[in-house]
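# Structure at a glance
Listed here are the chains, written in short residue letters.
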Amino acid sequence: MTKVDRRILKSQEAIKKAVLELLSEKNFDRITIQDIANRANVSRRTIYLHYTDKCDLMDHLLDTHIVKLREIRESATQLSMKEVYFQWFEYFEKNFLFFSTILASQGASWFRNRLLEFFVQEAVKDFKKYGTKHQELCPEVVLQFFGSASVGMIEWWLVNKMPLSPQLIAEQVGKLLDRMEICNH
């Protein structure tokens with residue numbers, strides 16, 4: 001196994017922290033690589049060693065979280081959707097600073113779209129696995145509905161500073177899914 005140099009990890013963490021701090025202060029479009037470098041106390045060259053540009057940096061940050069959300073789902077194949085949502089909400093709670101900052105930033109639509117894409121992909125898996133009791137429903141409508149509802153619920157929960165515990169919000173989402181009787185599980 002290859003060991004990563006601590007200095008590299010420290011630089012990458014400083015860069016990520018700097019981006020989050022800057023996003024809480026101004027629009028992503030107005031943030032420059034120099035702003036990030038100054039805030040992270042690294043050179044522009046250091047940033048370019050790891051990322052092609054600021055969009056690549058943001059993609060990397062979000063991809064890291066999407067991969068983790070996907071791992072949570074894949075490790076929970078025997079769990080109900082309510083239990084999966086509970087694990088997801090726990091993850092959002094642990095990473096509140098990242099997600100709440102991204103959602104509150106003026107570039108939130110980019111993030112929302114990436115998160116929507118993730119939830120639609122996950123819904124596709126369930127749709128293929130369980131199908132639907134309502135054959136009159138168009139699969140694309142069902143998938144977009146679940147994806148949009150999931151993203152909207154997460155956004156509401158984070159923007160409102162997590163007014164319910166991960167357990168309670170997951171129970172609420174689980175009850176909604178049960179009442180809708182879309183999936184056979």
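See the structure above.
Attention in this report is confined to the structure presented alongside it.

Scoring rules and cut-offs
Residues numbered from 1 in each chain as written. Predicted model: local features only at pLDDT ≥ 70, side-chain atom pairs only at ≥ 80, totals over all residues. Heavy atoms only, no water. Helix = DSSP H or I, 4+ residues; strand = E, 2+ residues; numbered from the N terminus. Buried < 20%, exposed > 50% of the residue type's maximum accessible area, 1.4 Å probe, protein only. Contact = heavy atoms within 4.5 Å. Areas by Shrake-Rupley, 256 points an atom, 1.4 Å probe, with all protein chains shown as cover. Axes fitted to C-alpha atoms, helices over the stretch in contact; angles between N-to-C directions. Left-handed = near helix turned anticlockwise from the far one by under 90°. Nonpolar A, V, L, I, M, F, W, Y, C, P; charged D, E, K, R; others polar. Core = buried A, V, L, I, M, F, W, Y, C linked by side-chain atoms within 4.5 Å. Salt bridge = Lys/Arg side-chain N within 4 Å of Asp/Glu carboxyl O. 1 Å grid on protein atoms, 1.4 Å probe; cavity = no way out; pocket = protein on both sides within 12 Å on 5 of 7 lines; lining within 4 Å. Points joined across faces, edges and corners; volume = space filled by probe spheres on them. Parallel < 35°, antiparallel > 145°, perpendicular 65-115°, else oblique.

What follows deals with the overall build of the protein. Across its full length, the protein carries 9 helices and 0 strands. Traced from its N-terminal end to its C-terminal end, the protein shows the element sequence α-α-α-α-α-α-α-α-α. Here the protein holds 185 residues, and 41% of them are scored as buried. For the protein, restricting intrachain contacts to residue pairs at least 6 apart in sequence, the fraction spanning at least 24 positions comes to 66%. By element, 53% of the accessible surface of the protein is carried by carbon and sulfur atoms, the whole surface being about 11000 Å².

Right, let's get into unusual backbone geometry. Located in the positive-phi region is Lys161, a residue other than glycine, with phi close to 60°. Its location among the elements puts Lys161 in the loop between helix H8 (139–159) and helix H9 (166–180). Positive phi, close to 55°, is recorded for Met162, a residue that is not glycine. Its location among the elements puts Met162 in the loop between H8 and H9.

This next bit is on the packing of helix H1 (residues 6–23) against helix H2 (residues 33–40). Their axes nearest at 8 Å, the elements H1 and H2 cross at an angle of 115°. For the pair H1 and H2, the sense of crossing is right-handed. Residues Ala14, Ile15, Ala18, Val19, Glu21 and Leu22 of H1 touch H2, and the partners they reach there are Asp35, Ile36, Arg39 and Ala40. For the contact of H1 with H2, the class distribution of residues is 7 nonpolar, no polar and 3 charged.

Turning our attention to the nonpolar core. Residues Ile36, Trp88, Phe92 and Phe119 are the most contacted members of the largest nonpolar core, which totals 51 residues. Listing elements by their share of this core, those giving two or more residues are H1, H2, helix H4 (54–75), helix H5 (81–94), helix H6 (96–104), helix H7 (108–130), H8 and H9. Non-local contacts of Ile36, meaning those with residues more than four positions away in its chain, are made with Ile15, Ala18, Val19, Leu22, Ile31, Ile47, Lys54 and Leu57.

Further remarks concern the pattern of salt bridges. One pass over the structure, following the stated rule, counts 11 salt bridges. Here Glu21 and Lys17 are joined by a salt bridge, their closest N and O atoms 3.3 Å apart. Separated by 4 residues within a single helix, Glu21 and Lys17 lie in helix H1, roughly one turn from each other. The salt bridge involving Arg70 is made with Glu122; its shortest N-O contact spans 3.4 Å. Within this pair, whereas Arg70 is found in helix H4, its partner Glu122 is found in helix H7, the two being separated by 52 residues in sequence. Three or more residues are tied together by salt bridges with common partners; here these are Lys17, Glu21, Glu25 and Arg39.

Time to look at the layout of surface pockets. A volume near 230 Å³ is recorded for the second largest pocket. If you go around the second largest pocket, the residues you meet are Glu13, Lys16, Lys17, Leu20, Leu61, Thr64, His65, Lys68, Tyr91, Asn95, Leu97 and Phe98. Contributing elements (two or more residues each) for the lining of the second largest pocket: H1, H4 and H6. Looking at the lining of the second largest pocket residue by residue, the classes come out as 5 nonpolar, 3 polar and 4 charged.

Packing of H6 against H8 leaves a shortest axis separation of 9 Å and a crossing angle of 105°. Compared by their axis directions, H6 and H8 come out roughly perpendicular. Between H6 and H8, the residues in contact are Phe96, Phe99, Ser100 and Leu103 and Glu155, Leu158 and Val159, respectively. The class makeup of the residues in the contact of H6 with H8 is 5 nonpolar, 1 polar and 1 charged.

Without other data, these values stay purely geometric and don't point to any function.
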